[in-house]
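Descriptive analysis of the structure
Next come the chains, spelled out residue by residue.
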Amino acid sequence: MATEANSSPAVNSQLARSFSLLDVTMIGVGAMVGAGIFVLTGIAAGVAGPALILVFALNGIVTLFTAMSYAELGSAIPEAGGGYLWVKQGLPGANSFLAGWMSWFAHAVAGSLYALGFGAYFELMLGGFHISIFGLSGPLLHKLLGVLVALAFIYINYRGAAETGAVGNIVTLSKLGIILLFGASGLWAIVTHPEYMTKFVPFAPNGFGGVLAAMGLTYIAFEGYEIIAQAGEEVVNPRRNIPRAIFWSLAIVIPVYLLVALASIGAVEPGAGVLSWQWLGKYAEVGLAKAAAQFMPFGTFLLLLGGLLSTMSALNATTFSSARVAFAMGRDRNLPEAFARVHPQRRTPHMSLFFSGALIIVMAVALPLADVAAAASIMFLLLFLQVNVAIITIRRKYGSKLGYGYLVPFFPAVPIIAIVCQLFLALYLFRVSPVAWYFVVGWMGSGWLLYHFYAKRRERAVELTPQVAVHVPAWARKRPSVLVPVANPSTSSRLLALAAQVARLEQSGLTVLHVISVPEQTPLTVTDELLDGVEPTIARFEDQTRETGADFELLVRVSHRPVTAILQTVEERRSQFVVMGWRKRTRGPNAVLGRNIDLIIRGCNANVIVAQQHLPPVVKRVLVPVANPVQARLSMAVAAAVAGQRSDMQIDLVNLVPVGTPAEVREQRLQELHDRMLRVRGELPPDSPLEEARDQLLVEGTTYNLVQYEAESVVKKLAALSTNYDAMVIGGTSGRVWRSHVFGRIPRYVAEHAKCPVVLVKMREAGYRFGVRQFVHFFRETEAEAMQEEGEAGEED
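Note that this is a predicted model, so its numbers are computed, not measured. (Residues numbered from 1 in each chain as written. Predicted model: local features only at pLDDT ≥ 70, side-chain atom pairs only at ≥ 80, totals over all residues. Heavy atoms only, no water.)

The next subject is the overall build of the protein. Along the protein, the regular secondary structure elements total 28 helices and 13 strands. Buried positions account for 57% of the 797 residues belonging to the protein. Taking the intrachain contacts of the protein between residues at least 6 apart in sequence as the baseline, contacts between residues at least 24 apart amount to 82%. If you sum the accessible surface of the protein, you get close to 31500 Å²; carbon and sulfur atoms cover 61% of it. (Helix = DSSP H or I, 4+ residues; strand = E, 2+ residues; numbered from the N terminus. Buried < 20%, exposed > 50% of the residue type's maximum accessible area, 1.4 Å probe, protein only. Contact = heavy atoms within 4.5 Å. Areas by Shrake-Rupley, 256 points an atom, 1.4 Å probe, with all protein chains shown as cover.)

Turning our attention to unusual backbone geometry. Between Val 201 and Pro 202 the backbone carries a cis peptide bond, its omega angle lying at 0°. By the element assignment, Pro 202 lies in the loop between α8 (161-192) and α9 (207-218). Each neighbour pair has its own omega, and for Phe 411 with Pro 412 the value is 5°, a cis peptide bond. In this structure, Phe 410 takes a positive phi of about 50° despite not being glycine. Here Phe 410 is to be found in the loop between α16 (369-398) and α17 (413-432).

What follows concerns helix α5 (residues 83-90). Counting buried residues along α5, 6 of its 8 residues qualify, which places the element largely inside the surrounding structure. Residues of α5 that are buried: Gly 83, Tyr 84, Leu 85, Trp 86, Val 87 and Gly 90.

Once that is clear, we can look at the side chain of Asn 705. Of note, Asn 705 is situated in strand β11 (residues 702-711). The class of Asn 705 is buried, set by a relative accessible area of 7%. In this structure the side chain of Asn 705 is engaged in a polar contact, spanning 2.9 Å, whose partner is the side chain of Asp 652. (Polar contact = N/O pair within 3.5 Å; in protein donor to acceptor, adjacent residues only side chain to side chain.)

On to the nonpolar core. Residues Tyr 70, Tyr 121, Phe 182, Tyr 257, Leu 288 and Leu 303 are the most contacted members of the largest nonpolar core, which totals 162 residues. A total of 19 residues in this core trace back to one element, the largest contributor, which is α16. Residues Val 518, Leu 554, Ala 641 and Val 729 belong to the second largest nonpolar core, which totals 51 residues. (Core = buried A, V, L, I, M, F, W, Y, C linked by side-chain atoms within 4.5 Å.)

Our focus in this paragraph is the packing of helix α13 (residues 287-295) against helix α14 (residues 299-331). The interhelical angle for the contact between α13 and α14, taken along N-to-C directions, is 150°, at an axis separation of 7 Å. Here α13 is positioned roughly antiparallel relative to α14, judged by the angle of their axes. The crossing of α13 and α14 is right-handed. Judged by residue contacts, Leu 288, Ala 289, Ala 292 and Ala 293 of α13 engage Gly 299, Thr 300, Leu 303 and Leu 304 from α14. A breakdown of the residues in the contact of α13 with α14 according to their chemical character gives 6 nonpolar, 2 polar and no charged. (Axes fitted to C-alpha atoms, helices over the stretch in contact; angles between N-to-C directions. Parallel < 35°, antiparallel > 145°, perpendicular 65-115°, else oblique. Left-handed = near helix turned anticlockwise from the far one by under 90°. Nonpolar A, V, L, I, M, F, W, Y, C, P; charged D, E, K, R; others polar.)

Helical periodicity: at 3.6 residues per turn, an α-helix aligns residues three or four positions apart in one direction. Taken as a whole, helix α3 (residues 41-48) has its buried residues at Thr 41, Gly 42, Ala 44, Ala 45 and Ala 48. Mapping the buried residues of α3 onto a view down its axis gives an arc of 160°, with all of them on the same face. Looking one or two residues past α3, Gly 49 carries a phi angle of roughly 75°, positive in sign. (Arc of directions from axis to C-beta.)

It is worth spelling out the packing of aromatic side chains at this point. Per the stated rule, a full pass over the model turns up 25 aromatic pairs. With a centroid separation of 5.4 Å and 25° between ring planes, the pair formed by Phe 118 and Phe 122 is classed as stacked. Residue Phe 118 and its partner Phe 122 are located together in helix α6 (residues 95-128), separated by 4 residues, close to a single helical turn. Taking the relative accessible area as the measure of exposure, Phe 118 reaches 10% and is therefore buried. Through a chain of ring-to-ring contacts, the aromatic side chains of Phe 97, Trp 101, Trp 104, Phe 105, Phe 339, Phe 355, Phe 439, Trp 443 and Tyr 451 assemble into a single cluster. Here the basic side chain of Arg 395 rests over the ring of Phe 411, its NZ or CZ set 3.8 Å away from the ring centre. (Phe/Tyr/Trp six-rings, centres within 6.5 Å; stacked < 30°, edge-to-face > 60°. Lys NZ or Arg CZ within 6 Å of the ring centre and 35° of its normal.)

A large share of strand β7 (residues 607-612) lies buried, amounting to 6 of its 6 residues. Covered by surrounding structure in β7 are Asn 607, Ile 609 and Ala 611 together with Val 608, Val 610 and Gln 612, the residues of both alternating faces. Note: strand β6 (residues 577-582) against β7, 6 bridges, orientation parallel. When the bridges of β7 are listed, Val 578 appears paired with Val 608. Pairing analysis gives 4 bridges linking β7 to strand β13 (residues 758-762), with the strands arranged antiparallel. The partner of Ile 609 across the bridge, within β13, is Val 761. (Pairing = 2+ DSSP bridges.)

Further remarks concern the packing of helix α4 (residues 52-76) against α9. Helix-helix packing is characterised by the crossing angle of the two axes and by the distance between the axes. At their nearest, the axes of α4 and α9 sit 9 Å apart, and the two run at 60° to each other. When the axis of α4 is compared with that of α9, the two are oblique. Read as a crossing pair, α4 and α9 show a hand that is right-handed. Residues Leu 54, Val 55, Phe 56, Leu 58, Asn 59 and Val 62 of α4 pack against Phe 208, Val 211, Ala 214, Met 215 and Thr 218 of α9. Taken together, the residues that form the contact of α4 with α9 break down as 9 nonpolar, 2 polar and no charged.

So, about the side chain of Ser 722. With respect to the helices and strands, Ser 722 occurs in the loop between α25 (714-721) and β12 (727-731). A polar contact of 2.9 Å, which involves the side chain of Ser 722, links it to the backbone nitrogen of Lys 755. Filtering out sequence-adjacent residues up to four positions away, Ser 722 remains in contact with Leu 623, Met 728, Ala 754, Lys 755 and Cys 756.

The topology assignment puts Tyr 749 in helix α26 (residues 745-753). For Tyr 749, a relative accessible area of 31% corresponds to the partly exposed category. Sequence separation between Tyr 749 and Val 715 is 34 residues; the distance between their C-alpha atoms is 6.6 Å.

A word on the pattern of salt bridges. Going through the model one piece at a time under the given rule, you end up with 8 salt bridges. One salt bridge in this structure joins Arg 621 and Asp 652, with 3.9 Å as the shortest N-O distance. Of this pair, Arg 621 sits in strand β8 (residues 621-625) while Asp 652 sits in strand β9 (residues 650-658), and the two are 31 residues apart along the sequence. The exposure class of Arg 621 is partly exposed, given its relative accessible area of 29%. With a relative accessible area of 4%, Asp 652 lands in the buried category. What emerges from the salt-bridge pattern is a single network uniting Glu 553, Arg 557, Glu 572 and Arg 573. (Salt bridge = Lys/Arg side-chain N within 4 Å of Asp/Glu carboxyl O.)

So, in structure tokens, the structure goes:
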């Protein structure tokens, strides 16, 4: 036996817990009180007018809804990666990769924005001292200074979390003092000059559209609590401290934002004929510093210093968080292993930090600032939207098992409100900056390609169950096969014969799979002792398969969940058909054929054949109910396989119509069914005569009889007809994509009441339809419930 290993080099990827409640709170505050105040306030004022106060208040409310979700999930799953990991836990498919991809990019580009903001403020400060650097000015100097400060904070983060927290705390506390002095000075000016209140009229000169546009532009200023979650793996006592840090940071930041908006609009003297909000909009990213010069002691100097400190602290926080997202994606093999490396002495994710730093620098140098800022806001909105969807599914999946330190009240109303608000703001930003949306779509499209052509394979390589190749012919893995999972040699012989006939009709090979199920606490490794226990069983499977004369391969997999091993084999072998046995009994109210079988049918997009285990060895007469011509062609082929393609087999295709159907309608329906069934294979003759009640169809060299009956009840009629047949083959009804039935109600009831063995056939779906059905079903039945059901059901052949 040859063992196929799915392993990768061990990566030391544990981070040290060193952040206290104060440290992690200051990280969040530092991320928020940065570009949102010092760089974007002037721009937002020019868009919303005095309604800037309303902009910050509404954004605070919208932010609070998602912050509750982050507090709950951060306390329950405190690991590096934050929203990326939660989306991975809560949503299926590529969602987790795209969440990480967007989060990594959004934090990095936010860092680029803060670096450029630092450059703008530093240039203003140099101008006050009449200092020139190589004669550079404007955007070029901003980019040079931005690159230098980005390199400085990349090095600080490389030194370790303790240095990061200490520097961040000093910077954050210093700038908070400056910004509070700015707000207090402006408020004093307004109180001592009551006439300044007229500057707030008109309150919303650009209407509510201006308010929404400014909300979208400044939403990035409220994402600092997300960085708290990114640091979850390095926080002391995370279940207690992460929720507290999130709410404390918002309690500090939102009032500060409101105070700054009030002071900046109400305390400035823009001059005759100019409104204060227009004046702020004119100076854009340095508008706040210009305002401070009018009413604040040492205003220009202090605001310049505060702007420098704010952009530096925000750059520090986003550098930290972007590296943690890349680290988490590398640890999950969504990105190369280099991203998951931890420095042996510093205990920091140094490689992901360097890659993130390179992204920050490249974006700072290459991209327009305003559109990138809008793109970062859009990506944060979409990321937060995914997290709010994920919290609903995670709560359903795990209940109270995670040991929450905080629970969202009024669940699930709070995350649903957040989803609606964030989606609306993200879409509205298209009116503000179409280029930002084009950029977002391009980045997400590149992420989708990276996932499907690189990350998906590497991610699954970690999760694949170990397998042993008992018999592998040359064609294995080179062409699609017919897969037949087997568990019990005493009942598998007839199933293998059926699968071999299907493989001959398909002109493909046969993959026989036996799964060794081990407890959850047992590692998934293949040992000689484990194989010795099942070797007699495997030998019987091999003998039975050889008797069929099929070209086959025989695999053995070790798994905690047999369903997982079967689905992985379907994907690896690109199986177009899956043949399974059924005991004609179910367990539990939610089971259709059996919980394992149901999960396999839902989880793979292949033609699935489920045969009752008491199918006789010799089958001459087969009943095939037909309604859908395309489905009927597959059922006809399966019927031929069930009968072993005998020369004396009789296959009757039965079409049922309601009692009292007019003769001309019956004849028309029979004619359409006849013609369409032949048209599927392009075999319709020029003149196709149809007998009144019965017709002979020549397909694959076999004679099929097409018969039509009236019936009051489809189930009762087919059950009555089944007494004259050796077997019945009935196709599943796919139904609407939101239906959870794996075959449809009628085929299930027919199988339960038929007097002969029944073979159920489910046809492969179009890729988009299967994807939608998978997504809908994910919300109907959680993974935890599926695992519990599987354990109760036991093995099914």
